[in-house]
Amino acid sequence: MGPHTSHRRSDNRQARQAGAVVPATRVWAYAALVFMLFTVAAPLGLAWGQEAPAGPATEYRDILPGVVGSRNLIWIIAQQHLLLAGFVLGVPIFAWVCEIVGVRTGDPRYDTLAKEFTKLLTSAYATTALFGGILLFLLIGLYPKLMSYLTDVFFPSFLVYCVLFLLETVTLYLYWYGWDSMQGATKGFHLFLGFLLNVFAFFIMIVPNSWATFQASPVVITEGSMWARAWAATWNPTWWPVNVHRLIANVVLGGFICGAYAGLKYLMAQSKEERVHYDWMGYVGNFIGVFGMLPLPFAGYWLMREVYQYNQQMGITLMGGFLSWLFILQAMLIGILFLGANYYFWLGIMYRIPGSEAKYRKPILAMLVILLICLGVWMTPHSLVASLEEARKMGGTHHPMLGVLGVMSAKMTVVNVMILVTFMSFVMYWRAGKQETATWAKAAKVGQGLILGIATVVILVLGVWGYFVPAITRINYFSTTQVLVMLFVLLTITPLTALVLKSAKTTTEMVWGIMPPRAAYALVLNAVMVILLMTLMGYARSSSRVHWHVYGVMQDTSPYAYSPALGYAAAFMSLNTFLFCLMVAFIFWVASLGGEKKGGAPGKARVKEAVRPAVAGAR
Amino acid sequence: MTLAMKGAVLLVAVFLIVKFGLPLITAPLPMSLIWLYLFLTTVGIVVYGTLSAESTEALLGPIFRFLGGEGLNGSAKLARLAVLVLVPLLVGWQTYSELVPSSQPPAENRTIHPAPPGEFVGLANPVPNTPENVMMGKGLFSAFCSPCHGAKFNGNGPASDGFNPPPANFVDPGTIAQLQESYLFWRIKKGGVGLNVEGHPWKSAMPRWEVELPDEWIWKIIMAEYAGSGQKPRTWE
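The rules behind these values
- Residues numbered from 1 in each chain as written.
- Chains lettered and ligands numbered in written order.
- Predicted model: local features only at pLDDT ≥ 70, side-chain atom pairs only at ≥ 80, totals over all residues.
- Heavy atoms only, no water.
- Helix = DSSP H or I, 4+ residues; strand = E, 2+ residues; numbered from the N terminus.
- Buried < 20%, exposed > 50% of the residue type's maximum accessible area, 1.4 Å probe, protein only.
- Contact = heavy atoms within 4.5 Å.
- Areas by Shrake-Rupley, 256 points an atom, 1.4 Å probe, with all protein chains shown as cover.
- Buried area = accessible area lost by both parts, 1.4 Å probe.
- Polar contact = N/O pair within 3.5 Å; in protein donor to acceptor, adjacent residues only side chain to side chain.
- Axes fitted to C-alpha atoms, helices over the stretch in contact; angles between N-to-C directions.
- Parallel < 35°, antiparallel > 145°, perpendicular 65-115°, else oblique.
- Nonpolar A, V, L, I, M, F, W, Y, C, P; charged D, E, K, R; others polar.
- Phe/Tyr/Trp six-rings, centres within 6.5 Å; stacked < 30°, edge-to-face > 60°.
- Lys NZ or Arg CZ within 6 Å of the ring centre and 35° of its normal.
- Core = buried A, V, L, I, M, F, W, Y, C linked by side-chain atoms within 4.5 Å.
- Salt bridge = Lys/Arg side-chain N within 4 Å of Asp/Glu carboxyl O.
- Lys, Arg positive; Asp, Glu negative; His and termini not counted.
- Expected span 1.5 Å × (residues − 1).

A. Structural detail: the overall build of chain A. Helices and strands together make up the secondary structure of chain A, namely 20 helices and four strands. Going through the 619 residues of chain A one by one, you find that 54% of them count as buried. Partitioning the intrachain contacts of chain A with sequence separation of at least 6 by distance along the chain shows that 82% fall at a separation of at least 24. Per element, the accessible surface of chain A, about 27,700 Å² overall, is 71% carbon and sulfur.

B. Highlighting the overall build of chain B. Broken down by element type, chain B carries seven helices and zero strands. Sequence-ordered secondary structure for chain B, helices as α and strands as β, is α-α-α-α-α-α-α. Expressed as a percentage of contacts within chain B between residues at least 6 apart in sequence, the contacts between residues at least 24 apart total 58%. When the accessible surface of chain B is summed, it comes to about 12,900 Å², and 67% of that surface belongs to carbon and sulfur atoms.

C. The interface of chain A and chain B, seen in detail. In this assembly, 59 residues from chain A lie in contact with 58 residues from chain B. Across the chain A/chain B interface, buried area totals approximately 5,100 Å², and carbon plus sulfur atoms make up 65% of it. Between chain A and chain B we count 13 residue pairs in polar contact (both at pLDDT 80 or more) in total. When residues of the side of chain A that touches chain B are traced back to their parent elements, those giving at least two are α10 (296–310), α11 (312–319), α12 (324–352), α13 (357–379), α14 (388–394) and α17 (471–502) of chain A.

D. Quick look at the packing of helix α5 (residues 144–177) of chain A against helix α7 (residues 226–234) of chain A. Residue and element names in this part refer to chain A. The geometry of α5 relative to α7 is characterised by a closest axis approach of 7 Å and an angle of 90° between their N-to-C directions. Comparing the axis directions of α5 and α7 gives the class roughly perpendicular. Judged by residue contacts, D152, V153, F154, F155, P156 and V160 of α5 engage M226, W227, R229, A230, A233 and T234 from α7. Across the contact of α5 with α7, the residue classes tally to nine nonpolar, one polar and two charged.

E. Main features of the packing of aromatic side chains. Scanning the model with the defined rule gives 49 aromatic pairs over all chains in all. Residues F287(A) and F291(A) carry aromatic rings whose centres are separated by 6.3 Å and whose planes lie at 25° to one another, so their mutual orientation is stacked. Taken as a pair, F287(A) and F291(A) lie in helix α9 (residues 272–293) at a separation of four residues, close to a single helical turn. Between F345(A) and Y429(A), the ring centres sit 5.9 Å apart and the planes meet at 50°, which makes this aromatic pair tilted. Of this pair, F345(A) sits in helix α12 while Y429(A) is found in helix α15 (residues 408–431), placing the two residues 84 residues apart along the sequence. Joined through ring pairs, the aromatic side chains of Y283(A), F287(A), F291(A), F345(A), F426(A), Y429(A), W430(A) and W512(A) make up one cluster. Here the guanidinium or amino end of R187(B) rests over the ring plane of W186(B), the centre of that ring lying 5.6 Å away. Here the guanidinium or amino end of R234(B) rests over the ring plane of Y308(A), the centre of that ring lying 5.5 Å away.

F. Seen up close, the nonpolar core. All names here are of chain A. Ranked by internal contacts, the top residues of the largest apolar core, which has 219 residues, are F87, L113, F117, M281, V284 and W346. By residue number, the principal contributor to this core is α12, which donates 17 residues. Among all residues touching V284, those that are not within four sequence positions of it are F94, C98, Y110 and L113.

G. Summary view of the pattern of salt bridges. The final tally for this structure, using the stated rule, is 12 salt bridges over all chains. Among the ionic pairs, E357(A) bridges to R361(A), the shortest N-O distance being 2.7 Å. Of the two residues, E357(A) and R361(A) both sit in helix α13, four residues apart, roughly one turn of that helix. Residue class for E357(A) comes out partly exposed when judged on its relative accessible area of 23%. By relative accessible area, R361(A) is classed as buried at 12%. Of the charged contacts, one joins K190(B) and E210(B) as a salt bridge, the two residues approaching to 3.2 Å between their closest N and O atoms. Taken together, the residues span a long stretch of sequence, with K190(B) in helix α6 (residues 181–190) and E210(B) in the loop between α6 and α7 (215–229) at a distance of 20 residues.

H. Fine view of the side chain of R246(A). Residue and element names in this part refer to chain A. Position of R246 among the secondary structure elements: in helix α8 (residues 239–268). Of the buried charged residues, R246 lacks a salt bridge, with E168 as the closest side chain of opposite charge at 15 Å. A polar side-chain atom of R246 sits 2.4 Å from a polar atom in the side chain of N209. Among residues more than four places away in sequence, those in contact with R246 are L82, M205, N209 and R541.

I. Just the environment of G44(B), in detail. For G44(B), the position within the fold is in helix α2 (residues 31–49). For G44(B), a relative accessible area of 7% translates into the label buried.

J. Quick peek at α15(A). Residue and element names in this part refer to chain A. Taking 1.5 Å of rise per residue, 24 residues should cover 34 Å, and α15 covers 34 Å from first to last C-alpha, within 8% of that figure. Of all 24 residues that make up α15, 21 are buried, and the element is covered over most of its length. Count one or two residues on from α15 and you reach G433, which has phi positive near 80°.

K. Expanded view of the packing of helix α5 (residues 131–149) of chain B against α7(B). Residues and elements named next belong to chain B. Where α5 meets α7, the closest approach of the two axes is 7 Å, and the angle between their N-to-C directions is 95°. It follows from the interaxial angle that α5 and α7 lie roughly perpendicular. Contacts between α5 and α7 involve N133, V134, M136, G137, K138, L140, F141, F144 and C145 from the former and W217, K220, I221, M223, A224, E225, A227 and G228 from the latter. Class assignment for the residues of the contact of α5 with α7 results in 11 nonpolar, three polar and three charged.

L. Focus on unusual backbone geometry. Unlike most non-glycine residues, V546(A) shows phi in positive territory, near 40°. Mapped onto the elements of the fold, V546(A) is located in the loop between α18 (517–543) and β3 (548–550). Exposure remark for V546(A): the relative accessible area of 31% places this residue in the partly exposed category. Even without glycine at this site, F153(B) takes up a positive phi of about 65°. Inspection of the secondary structure assignment puts F153(B) in the loop between α5 and α6. F153(B) sits in the buried class, given a relative accessible area of 7%.

Printed below as a string of structure tokens:
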């Protein structure tokens, strides 16, 4: 116990020194001391109950077994690190796109928005790195056998990762601190820095992705140089599907977190300007989130296909085996996300465009009904949860009529239709309050209607036909055709609408800042759903390895080599979501402190304007 | 009719259709699914009803006023009192009925298609798919499998009534059409007792045919099952 005691003494000494230097913040110092004791000293002092056995190398260590346990601790820290990483990789994309839009349109609001979010990056970046460090130390300490093996395989990419971090840090500092000075003539260089920031961020994402995907679909070669072995392990079957899936998901996360931030600020806004600004920001966040969400299901589909092709056993465990219930939960969460995003668009039409209710209520009702039917199909499992009596009446856990809704042909079809509906919600919002003046506008509208109608019919026909062809035909041809048809709609209707609206005249000006509070709650809901989804599917990806650290190569021989019950796992997902939300709120709060100081406490001045917060607004 | 009334009518209508209407043409739905559809309907009503300030008032106003007792008198006052008393009682009764010990086994989320053991993954059928082999497979199927799985491959054999869960219906596109031949080989060869841990609870009366049939016969039976049910095995190329 000697070394542990010295750790504690060292901690106490540091805490005493902190208290002596800043007496005014003694309370905080004591709080920090308690926190440090809890997080560092307690596990060290209490949990190191299992002394490393003499002789062979230690394979595992544990922390507070029966209370926390090494696996649970890694689960929480890894998930927090991953969510933060998603945030710090998604936000630069979001900020950079906003900055480009600002330059292209000349609208200064986009530049302000981009800057506001880049400000968050500095603190979020440090927190992400902090959790990465904690994760690394815990992994080395708790899973030395695995880490030794991974280090042996991936050491070259560890070096690459370090270099990328240096480049990313330098670029981020230049991008953020140079924002104001690089305006006007040097704005182009600033945009280039933003581009570089995203390039480095992308590589920072895909390098550790190779480590995680290697664990699920390892490619091990015993010959060749250190670099050759690392490269073979990196380019494993699920690496690129995960890279693409995570890249898109990060954009979605960035967009919806921006929306949630705007939503909360909107609820707290005490001046009209603030309400207008945060209402607009919420719209932009939701738009980018939705934009990213449209291709996301197909990236996930590709990933699952690669998993099946790599190892059918793993694929069946995920999609047909004990993890298949996670996909029903996923359907529920994505469904709520689709509903939330559409609801926000619809509220935007109703509130921001005065007098539009009579015109748009019926189309909205139609879209809502289609969305709910699709969602009902998506959420209907193949094997139903039924009591013994109910199962007897059904003749098993498959319902003779609704059982057909449980297979992929039905799921793929409704996902495509839901995406189309969401896209049309956006187009409707885009067109609302404008009157086309082009002579060919009517023909364009008819053309758009035809494209949409034919595409929907094709998607539905292929969906039904999919039941009558071999699975491989459905997967390789029908499903891909459905996606291509859906993309065709997006890629034809978008430019057509843009062209028609170019010469359109505005009949009703959009009014910002009068959205009801529930619109802000919808934005917060969307962000929470995305975070929950990431914790859910992260668990699915990770637990599909079942009792393997590296699938088929290195078995998990720890006491935790079992899959937890779904309820237990769901509780951890909720906990992780809650912790991440707390952390994001903290980052936002910290970032806002600097702003208030510089601005000479504008909060108080705003209160004097006595404009009521949006929470108190009308229904 | 107010929006709130319309919403209530819709909710009741959906409940009646899924609970009592559908069983007129097919098997009854389990409550888990009925709750799901009612939840979606409620979400739809709330979303549609709260799209504008006016509709929000039309949907929620009467509910809030009723619950608050604002301007109520006579029978309406009594109705409010009844709701305020009955709803907590209903919740209490529901909680009690969920928790009280019962002779009914709990609802289960059985894993129908557990992942096969590694040695059964990706095996190719070694028997050539010729009409003779398929014919022989059908003969073997008729002798060993059809009493449960049915002569028409639809899970409706004469002995099928004795099993819960019932024998698999191969004509259903959600069964063997989703699986590779190697998966069927595993299930036939090892039977219900050969299900792995992931396949809990082991509710399968499938015999362990490896003790009676040679592998070649099992492969022929698999070919016959696909040919007879009009399905194709799942492949990756």
